[in-house]
Amino acid sequence: MLVSERIGQFFVESDGGRDRLEYTEYGSGDDWVVLLHGLLMPRRMQQPLARAMAARGLHVVTLDLLGHGRSDQPADPLVYSMTSFGEQVVALLDHLGAEQAVIGGTSLGANVSLEVAVIAPERVKGLIVEMPVLNHALVAGILAFVPIMLAARYVPVTANTLQRLSRSVPRGIVPFWAGICLDTVDHRAESIASVLHGVIFGRLAPSSSQRRRIQAPVFVVGHPIDPIHPFVDADMLGAELPRVRMERASSILEWRFRPDRLTAAATDFALECWQDRPATTKARTRKR
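Residues numbered from 1 in each chain as written. Predicted model: local features only at pLDDT ≥ 70, side-chain atom pairs only at ≥ 80, totals over all residues. Heavy atoms only, no water.

### Brief notes about the nonpolar core
Nonpolar side chains in soluble globular proteins tend to be buried together. Under the convention used in this document: We define a nonpolar core as any set of buried Ala, Val, Leu, Ile, Met, Phe, Trp, Tyr and Cys residues linked to one another through side-chain atoms lying within 4.5 Å. Only protein chains enter the area calculation, which uses a 1.4 Å probe; residues under 20% of their type maximum are buried, those over 50% are exposed, and those in between are partly exposed. A run of H or I in DSSP becomes a helix once it reaches four residues, and a run of E becomes a strand once it reaches two; helices and strands are each numbered from the N terminus. Two residues form a contact once any of their heavy atoms are found within 4.5 Å.
If you look at the biggest cluster of nonpolar residues, it comprises 80 residues, and the most contacted ones within it are M53 and I103. Take this core: its biggest share by element is 8 residues, from helix 11 (residues 260-274). Apart from the residues lying within four places of it in its own chain, the contact partners of I103 are V34, L36, V89, L93, S113, V116, V124, G126, L127 and I128.

### What about the packing of helix 1 (residues 47-55) against helix 11?
Applied cut-off: Structural elements are reduced to axes, namely lines fitted to C-alpha atoms, with helices fitted over the stretch in contact, and the angle between N-to-C directions of any two is expressed from 0 to 180 degrees. Convention used here: angles under 35 degrees read as roughly parallel, angles over 145 as roughly antiparallel, angles from 65 to 115 as roughly perpendicular, and any remaining angle as oblique. Rotating anticlockwise by less than a right angle from the far helix to the near helix defines a left-handed crossing, while the corresponding clockwise rotation defines a right-handed one. Note that Gly is not counted as nonpolar here; it falls among the polar residues with everything else outside the nonpolar set of Ala, Val, Leu, Ile, Met, Phe, Trp, Tyr, Cys and Pro and the charged set of Asp, Glu, Lys and Arg.
In the contact formed by helix 1 and helix 11, the axes pass within 10 Å of each other and the chain directions differ by 50°. Our classification of the angle between helix 1 and helix 11 gives oblique. The interaxial crossing formed by helix 1 with helix 11 has right-handed handedness. Residues L49, A52 and M53 of helix 1 touch helix 11, and the partners they reach there are T263, A266, T267 and A270. Within the contact of helix 1 with helix 11, the residues separate by chemical class into 5 nonpolar, 2 polar and no charged.

### Regarding the pairing of strand 7 (residues 218-222)
Here is the rule we go by: By the convention used here, strands pair only if DSSP detects at least 2 bridges between them.
Among the 5 residues that make up strand 7, 5 are buried, leaving the element largely enclosed by the rest of the structure. For strand 6 (residues 124-130) and strand 7, the ladder comprises 4 bridges, and the chain directions are parallel. Within the sheet, the bridge partner assigned to V129 lies in strand 7 and is V220. Relative to strand 8 (residues 244-248), strand 7 runs parallel, the two sharing 5 bridges. For V220, the partnering residue across the bridge sits in strand 8 and is M246.

### Side note on the sheet that holds strand 8
Across the sheet, which stays open at both edges, the 8 strands sit in the order 1-2-4-3-5-6-7-8 with mixed pairing between neighbours. Each end of this open sheet is capped by a strand with a single partner; those strands are strand 1 (5-14) and strand 8. Ignoring strand direction, the axes of neighbouring strands in this sheet form an average angle of 20°.

### A closer look at the pattern of salt bridges
Our working rule: Definition used for salt bridges: Asp or Glu carboxyl oxygen within 4 Å of a side-chain nitrogen of Lys or Arg.
Per the counting criterion, the structure on display carries 18 salt bridges. Residue R123 pairs with D94 through a salt bridge whose shortest N-O separation is 2.9 Å. Placement of the pair is R123 in the loop between helix 3 (108-119) and strand 6 and D94 in helix 2 (residues 82-96), with a sequence separation of 29 residues. We classify R123 as buried; its relative accessible area is 14%. Overall, D94 belongs to the partly exposed group, its relative accessible area being 47%. In this structure, the salt-bridge partner of R261 is E247, at a minimum N-O distance of 2.8 Å. Of this pair, R261 sits in helix 11 while E247 sits in strand 8, and the two are 14 residues apart along the sequence. Each member of the pair, R261 as well as E247, is classed as buried.

### With respect to the confidence of the model for the protein chain
In plain terms, the rule: Scored between 0 and 100, pLDDT is the confidence that the predictor attaches to each residue.
The predicted model of the protein chain averages 94 in pLDDT, with 95% of residues at 70 or higher. Segment residues 280-288: pLDDT under 50, and 28 contacts once partners within four positions in sequence are set aside and those in other chains are kept.

### A closer look at the packing of aromatic side chains
Just so we agree on the cut-off: Pairing of aromatic side chains here covers Phe, Tyr and the six-membered ring of Trp, requires ring centres within 6.5 Å, and sorts the geometry by plane angle: under 30 degrees stacked, over 60 edge-to-face, intermediate tilted. Either the NZ atom of lysine or the CZ atom of arginine qualifies as a charge over a ring when it sits within 6 Å of the ring centre and within 35 degrees of the ring normal.
In this structure the tally under the stated criterion is 4 aromatic pairs. Ring geometry for F10 versus Y23: centroids 6.1 Å apart, planes at 50°, classification tilted. With F10 in strand 1 and Y23 in strand 2 (residues 17-26), the pair connects residues that are 13 residues apart, well separated along the chain. Pair check on accessibility: F10 and Y23 agree, each one buried. Taking NZ or CZ as reference, R18 lies 4.3 Å from the ring centre of F11, over its face. Sitting above the plane of the F231 ring, R248 keeps its charged end 4.5 Å from the centroid.

In structure tokens, the structure reads:
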């Protein structure tokens, strides 16, 4: 089923001035879903899920958070934090005229979704949380991203060379996920360093006590064998939340390359949120 797709923009105020954010809308109607990307990745990574959800009647919006994709990328670590990312999502809802939405995301986007539920619970119809990065991911996350931040800060030729190489490859001639990888390295060195500085040294996610107060229904997806997104973090989050549905992916690649099962489950969940009848009792994790 073909759905309409529209690109839009809006502006947010920050300490550094007025910043432009870009988004894509899929479909139409009042049953809103906002999908958020992973760290340094573009909103286009959520395109397959957005199209599938819109084909079933949901009005889906994918957003490039500040410092990502086609949104502005200021070289100031002070403008990057989970709270500011959450405020950008609320500003998007205001711009769209959407009173509420199901908010979802992957990795960074999962944590930002939790942040929105804490700072603006009245705007959240439900949450789709894939690969949350919580307590057990801290050491692996530091080991993975601090060297990238330091290289971008002190040896900027590394990131700037990768950016030039990525821009030399036409996206139309490479597979979809190869294009996403190319888009992920399409950042200036100072932008990468600033985003990672703000995220790594800021608050990673709402505290456990704040997460326990989230009343919106939540769909949590975790994967095994992923040190940056350990399943134990997803399992811990599921135990904290009063209204949760858990899904265990077979691997980090399942939703990328064999998406049918998880896409159907996430779409069903979002539709049920808007029908005000989500199955949100504590459900046992489905093992695959």
